[in-house]
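Commentary on secondary and tertiary structure
Chain residues, written in single-letter form:
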Amino acid sequence: AKARAAAASHTGALVGDHGAMLTNVANAGVLVAETLDEVIDVSELLTHYPDVPSKGPAVLTASGAFVALINDASETLGLEFPALTPDTMAKLRAALPAFGTPSNPLDVTAGVAPGNNVLLTKALLDDPNIGSLYISYPIAGPKGVTVIGEFVKGMEGNTKPVLVVALRSEEHTSELQSRQYLVC
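In this report, we go over the structure that sits alongside the text. (Residues numbered from 1 in each chain as written. Predicted model: local features only at pLDDT ≥ 70, side-chain atom pairs only at ≥ 80, totals over all residues. Heavy atoms only, no water.)

With that settled, the discussion passes to a nonpolar patch on the surface. On the surface, Leu36, Val39 and Ile40 cluster together to form a nonpolar patch covering roughly 280 Å² of accessible area. Take Ile40: it is sitting in helix α3 (residues 36–48). Classification of Ile40 by relative accessible area gives partly exposed; the value is 47%. (Patch = residues over 30% accessible without salt bridge, like charges linked within 9 Å, V, L, I, M, F, W, Y side chains within 5 Å. Areas by Shrake-Rupley, 256 points an atom, 1.4 Å probe, with all protein chains shown as cover. Salt bridge = Lys/Arg side-chain N within 4 Å of Asp/Glu carboxyl O. Helix = DSSP H or I, 4+ residues; strand = E, 2+ residues; numbered from the N terminus. Buried < 20%, exposed > 50% of the residue type's maximum accessible area, 1.4 Å probe, protein only.)

This is the structure:
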């Protein structure tokens with residue numbers, strides 16, 4: 001009886017049903033990291049961007065398949081991508097190839113003209129409906145340095161969080177990292 005009473009006053013007595021806990025914290029708006037990798041990723045994001053954006057993200061990629069995957073994943077997570085303003089849509093339309101479709105997530109296509117990633121990046125970051133930008137782009141080989149330069153130029157003056165996930169080599173990401181952008 002004494003052991004039971006001692007255990008009841010210990011923090012171990014707070015342990016309960018994991019599913020009930022997840023429901024309660026989710027209803028309170030708490031983000032739950034399920035793995036150590038998630039804890040590290042979220043910690044790194046919050047270190048770089050302690051003021052979490054209140055508006056949703058934009059996604060920029062050169063892959064229509066990635067757009068499909070991110071739309072499926074966002075549906076599972078309950079993540080909604082904000083609608084882009086008509087002004088942003090017009091800027092995207094002007095910078096995309098004729099066969100490109102302005103949207104969020106945005107597939108800039110493999111046919112994006114040199115230099116237009118600057119305009120596309122800036123247009124998304126300048127949109128008042130967008131709180132952050134996620135870029136998933138192949139940045140490898142000699143063209144990688146040019147593409148990074150375009151993204152960096154499009155980010156100039158921006159204060160919104162930007163996360164770049166790229167197929168790349170280390171030397172191609174130093175420019176982004178030197179400007180405090182998070183590169184994975």
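From this point, the discussion proceeds with the structure in view.
Take a negative patch on the surface next. A surface patch of negative charge is lined by Glu34, Asp37, Glu38, Asp41 and Glu44. If you trace the backbone, Asp37 turns up in helix α3. (Lys, Arg positive; Asp, Glu negative; His and termini not counted. Charge placed at Lys NZ, Arg CZ, Asp CG, Glu CD.)

Counting residues in hydrophobic clusters, the biggest one holds 27 residues, and the most contacted among them are Leu60, Leu120, Ile135 and Tyr137. For this core, the leading source of residues is helix α7 (residues 142–155), giving five residues. Setting aside residues no more than four positions away along its own chain, Ile135 makes contact with Leu60, Phe151, Met155, Val162, Leu163, Val164 and Val165. (Core = buried A, V, L, I, M, F, W, Y, C linked by side-chain atoms within 4.5 Å. Contact = heavy atoms within 4.5 Å.)

Glancing now at the packing of aromatic side chains. Each aromatic ring pair is described using two quantities: the centre-to-centre distance and the angle formed by the ring planes. Taken as a whole and judged by the stated rule, the model has two aromatic pairs. Ring centres 6.1 Å apart and planes at 15 degrees place the aromatic pair Phe66 and Tyr134 in the stacked group. Of this pair, Phe66 sits in helix α4 (residues 64–77) while Tyr134 sits in strand β3 (residues 132–139); the two residues are 68 residues apart in sequence, bridging distant segments of the chain. For Phe66, a relative accessible area of 19% puts it in the buried group. Measuring from ring centre to ring centre gives 5.1 Å for Tyr137 and Phe151, while their planes differ by 85 degrees; the resulting arrangement is edge-to-face. (Phe/Tyr/Trp six-rings, centres within 6.5 Å; stacked < 30°, edge-to-face > 60°.)

Helical geometry note: an α-helix holds 3.6 residues per turn, so side chains three or four residues apart project in the same direction. Residues of helix α5 (residues 86–95) that are buried include every one of Thr88, Leu92 and Ala95, and no others. Projected down its long axis, α5 shows its buried positions confined to an angular sector of 70 degrees, all on one face. Facing away from the buried side of α5 by over 90 degrees, the exposed positions are Pro86, Arg93 and Ala94. Looking at the buried side of α5, the elements it contacts are β2 (106–107) and α6 (116–126). (Arc of directions from axis to C-beta.)

Now for the pattern of salt bridges. Summed over the entire model, instances satisfying the criterion amount to two salt bridges. Ionic pairing is found between Lys91 and Asp87, a salt bridge with its closest N-O pair at 3.3 Å. Here Lys91 and its partner Asp87 are both found in helix α5, four residues apart, which amounts to about one turn of the helix. Lys91 sits in the partly exposed class, given a relative accessible area of 40%. Classification of Asp87 as partly exposed rests on a relative accessible area of 47%. The salt bridge partner of Lys122 is Asp126, with a shortest N-O separation of 2.9 Å. Of the two residues, Lys122 and Asp126 both sit in helix α6, four residues apart, roughly one turn of that helix. You can call Lys122 partly exposed: its relative accessible area is 39%. With relative accessibility at 43%, the residue Asp126 sits in the partly exposed group.

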